[in-house]
Amino acid sequence: MSSLLTVAMPKGRIFQEAVELLRQAGYPLPPEFEDSRKLIIEIEEAGMRFILAKPMDVPTYVEHGVADVGIAGKDVMLEEERDVYEVLDLKISDCYLAVAGLAELKEHSVAPKIATKYPNVAAQYFREQGEQVEIIKLNGSIELAPLIGLADRIVDIVSTGRTLKENGLVELEKIREITSRIIVNPASYRMKAAVIDELVERLSKVVESKEEIR
Ligand SMILES: Nc1ncnc2c1ncn2[C@@H]1O[C@H](COP(=O)(O)OP(=O)(O)OP(=O)(O)O)[C@@H](O)[C@H]1O
Ligand SMILES: O=P(O)(O)OC[C@H]1O[C@H](OP(=O)(O)OP(=O)(O)O)[C@H](O)[C@@H]1O
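What you see is a predicted model, and the numbers here were worked out from it, not measured in a lab.

Each value, and the rule that gives it
Residues numbered from 1 in each chain as written. Chains lettered and ligands numbered in written order. Predicted model: local features only at pLDDT ≥ 70, side-chain atom pairs only at ≥ 80, totals over all residues. Heavy atoms only, no water. Patch = residues over 30% accessible without salt bridge, like charges linked within 9 Å, V, L, I, M, F, W, Y side chains within 5 Å. Areas by Shrake-Rupley, 256 points an atom, 1.4 Å probe, with all protein chains shown as cover. Salt bridge = Lys/Arg side-chain N within 4 Å of Asp/Glu carboxyl O. Lys, Arg positive; Asp, Glu negative; His and termini not counted. Charge placed at Lys NZ, Arg CZ, Asp CG, Glu CD. Helix = DSSP H or I, 4+ residues; strand = E, 2+ residues; numbered from the N terminus. Buried < 20%, exposed > 50% of the residue type's maximum accessible area, 1.4 Å probe, protein only. Arc of directions from axis to C-beta. Contact = heavy atoms within 4.5 Å. Near = heavy atom within 4 Å. Polar contact = N/O pair within 3.5 Å; in protein donor to acceptor, adjacent residues only side chain to side chain. 1 Å grid on protein atoms, 1.4 Å probe; cavity = no way out; pocket = protein on both sides within 12 Å on 5 of 7 lines; lining within 4 Å. Sits in = over half its atoms within 2 Å of the grid points. Nonpolar A, V, L, I, M, F, W, Y, C, P; charged D, E, K, R; others polar.

### Observations concerning a positive patch on the surface
- Taken together, Lys11, Arg13, Arg37, Lys54, Lys117 and Lys137 make up a surface patch of like positive charges.
- With respect to the secondary-structure elements, lysine 117 resides in the loop between strand S7 (113-116) and helix H5 (119-129).

Laid out in structure tokens, this is it:
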């Protein structure tokens, strides 16, 4: 077993904020880290091996133990329901999940159609609301669905609200706030407790100090 801690990092939106947080926590990630196209990057000085994954796949790597630790959005955690520990809210990449639709809703069906990248989250939400719906899974451009008649409403991430606005959609209900989390493989937590605890402690201090400034 390698002595390096394997960390599953989400490519895309969360990546840069996560890298900055790790640097602030004292892990020396070189400037080349951001520019690389490599998917596995070992940084001995930080004691870490990073694997760069699609955000939605991070909990899969961690659950299977090929990564000890990962960084994942709460949206992904809710959708994937993986058997991992969620140990720290990093309070980065904040956004929220919401239901949206056309300003003038024209729903006639018994089970309105809901387009989303988050079928499990959406199904649970409408079940809790006691509303019967039909979920249509899409992989992106979710806002398109009500515009062309594929769905009546959508469940999607909102950040600035710009995508909804520019497509003539309105937010109907907020489902929940989303931030990124540190997740840990349960077996790794037993075998690498000291190094994982140190990572979590160092990151918590950075998160707390940022909270105080806000
Ligand atoms: N405006 C936003 N839209 C989507 N996700 C956001 C937004 N703001 C923060 N996030 C967070 O970023 C994560 C998604 O990151 P990103 O958009 O890079 O991945 P992705 O959806 O897999 O991208 P793509 O499929 O477009 O490559 C989400 O899980 C969420 O926690
Ligand atoms: O409120 P905003 O700041 O406009 O951000 C929200 C939009 O960003 C995300 O899409 P993304 O850019 O990831 O594209 P996608 O359609 O490929 O998922 C999300 O699915 C929304 O469409």
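### Let's talk about helix H1 (residues 13-24)
- Taken together, the buried positions of H1 are Ile14, Phe15, Ala18, Val19, Leu21 and Leu22. Down the axis of H1, the buried side of the element spans an arc of 165°, and every buried residue falls inside it.
- Those residues of H1 that are buried lie in contact with strand S1 (5-10), helix H2 (32-35), strand S3 (48-53), strand S4 (69-73), strand S11 (180-184) and helix H9 (193-213).
- Taken from the residues just after H1, glycine 26 is the one with a positive phi, measuring 95°.

### Describing the site of ligand 1
- Close contacts around ligand 1 come from 15 residues, with Arg13, Lys54, Asp75, Lys117 and Ser159 the closest.
- Residue arginine 13 places a side-chain N or O atom 2.6 Å away from an oxygen atom belonging to ligand 1.
- Aspartate 75 places a polar side-chain atom, nitrogen or oxygen, 2.6 Å from an oxygen atom of ligand 1.
- Burial of ligand 1 by the surrounding chains reaches 73%, relative to a free accessible area of 610 Å².
- Cavity membership is defined here by more than half of the atoms lying within 2 Å of grid points; on that basis ligand 1 lies in the largest pocket.
- Listing elements by their share of the shell around ligand 1, those giving two or more residues are H1 and helix H4 (74-80).
- Along the lines of polarity and charge, the residues of the shell around ligand 1 split into six nonpolar, four polar and five charged.

By themselves, these observations are geometric and do not establish any function.
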